[in-house]
Amino acid sequence: MVNVTELRPGNYFIDENQMFVVMDILLNKTAMRKMVAKVKVKNVRTGAIIELSRNSGYMVDVVRLDKKKMSYLYDSGMGLCFMDNTTYEQIEIPHERLKWEMNFLVANTEIDVLSYNDEILGISMPVKVALKIVDCEPAVRGDTVKSAMKNAKLETGYQVKVPLFIDNGETIYVRTDTGDYDGRVNQ
């Protein structure tokens with residue numbers, strides 16, 4: 001059990017029989033009141049993002065999730081299939097739990113599968129991934145009034161804004177938290 005004011009982004013905890021991951025925390029202390037922690041959290045099982053407001057001294061159970069290295073194999077239509085590289089055991093995670101992550105997964109990508117008490121909760125993506133551009137708008141000469149970005153479609157089907165100098169077939173880095181372009185892969 002820890003005080004709610006000691007939580008940090010990325011911590012997993014249980015409160016009122018629900019498991020949450022901390023996205024952001026704001027501590028507010030005024031002269032006449034106890035410190036109030038406003039915690040932006042994501043419900044691990046439902047994916048709902050809410051803000052909890054708790055007074056200093058409120059205790060929560062911090063939990064540790066088990067991480068297992070697995071490779072993404074394919075989309076079965078009902079969910080995404082992953083395989084343990086050492087035991088060759090395969091698991092399937094429903095699409096509902098991985099809506100955002102599906103934008104950045106290609107076959108044979110190694111990721112960490114998160115579980116708690118043998119219940120599979122989801123996956124942990126790297127900060128950025130390298131993806132290939134399959135369709136890209138042509139650059140318009142002289143169109144440099146603003147930030148000079150154009151649309152590009154990645155191999156996963158995800159649409160991203162890229163600089164004008166990026167062409168079809170190039171591989172770029174994309175941030176998995178925001179979905180933004182993060183640079184070109186040197187080839």
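These remarks concern the structure in this document. (Residues numbered from 1 in each chain as written. Predicted model: local features only at pLDDT ≥ 70, side-chain atom pairs only at ≥ 80, totals over all residues. Heavy atoms only, no water.)

1. A look at the pattern of salt bridges
- According to the stated counting rule, one finds 10 salt bridges in the structure shown.
- For Arg175, the salt bridge identified is with Asp177, shortest N-O distance 2.8 Å.
- The class of Asp177 is partly exposed, set by a relative accessible area of 48%.
- Where salt bridges share partners, they join Asp15, Glu16 and Arg54 into one cluster. (Salt bridge = Lys/Arg side-chain N within 4 Å of Asp/Glu carboxyl O. Buried < 20%, exposed > 50% of the residue type's maximum accessible area, 1.4 Å probe, protein only.)

2. Re the packing of aromatic side chains
- One pass over the structure, following the stated rule, counts 5 aromatic pairs.
- Here Tyr72 and Phe82 contribute two aromatic rings whose centre-to-centre distance is 5.6 Å and whose plane-to-plane angle is 55°, an arrangement assigned as tilted. Here the residue Tyr72 occupies a position in strand β7 (residues 66-75), and Phe82 occupies one in strand β8 (residues 79-84), the gap between them amounting to 10 residues.
- Since its relative accessible area comes to 9%, Tyr72 is described here as buried.
- The class of Phe82 is buried, set by a relative accessible area of 0%.
- Geometry around Tyr58 places Arg54 over its ring, the cationic atom sitting 5.0 Å from the centre.
- The ring of Tyr173 is capped by Lys128, whose NZ or CZ atom sits 5.0 Å from the centre of that ring. (Phe/Tyr/Trp six-rings, centres within 6.5 Å; stacked < 30°, edge-to-face > 60°. Helix = DSSP H or I, 4+ residues; strand = E, 2+ residues; numbered from the N terminus. Lys NZ or Arg CZ within 6 Å of the ring centre and 35° of its normal.)

3. Details of the sheet that holds strand β16 (residues 181-184)
- The strand order across the open sheet formed by 5 strands is β14-β13-β12-β15-β16, and the pairing between neighbours is antiparallel. Looking at the sheet topology across the chains shown, the edges are occupied by β14 (159-163) and β16. Across the sheet, the axes of successive neighbouring strands diverge by a mean angle of 50°, strand direction being ignored.
- Judged from the 3 bridges that link them, strand β15 (residues 171-175) and β16 form a sheet pairing that is antiparallel. Counterpart to Val174 in the pairing with β16 is Tyr181. (Pairing = 2+ DSSP bridges. Axes fitted to C-alpha atoms, helices over the stretch in contact; angles between N-to-C directions.)

4. Some details on the environment of Asp61
- Here Asp61 shows up in strand β6 (residues 59-63).
- Given the relative accessible area of 36%, Asp61 is considered partly exposed.
- In this structure, the C-alpha to C-alpha distance between Asp61 and Leu26, residues 35 residues apart in sequence, is 19 Å.

5. Overview of the nonpolar core
- Residues Phe82, Ile123, Val162 and Ile172 are the most contacted members of the largest nonpolar core, which totals 26 residues.
- Those elements that place two or more of their residues in this core are β7, β8, β9 (90-94), β10 (110-116), β12 (128-136), β13 (149-154), β14 and β15.
- With 4 residues, β12 is the single largest residue contributor to this core.
- In this structure Phe82 touches Met70, Ser71, Tyr72, Leu73, Glu89, Gln90, Ile91, Ile93, Leu98, Leu105, Ile111 and Ile123, once residues within four positions along its chain are discounted.
- In terms of nonpolar packing, the next biggest core, distinct from the first, is built from 11 residues, Ile25, Ala37, Val39 and Val60 among them. (Core = buried A, V, L, I, M, F, W, Y, C linked by side-chain atoms within 4.5 Å. Contact = heavy atoms within 4.5 Å.)

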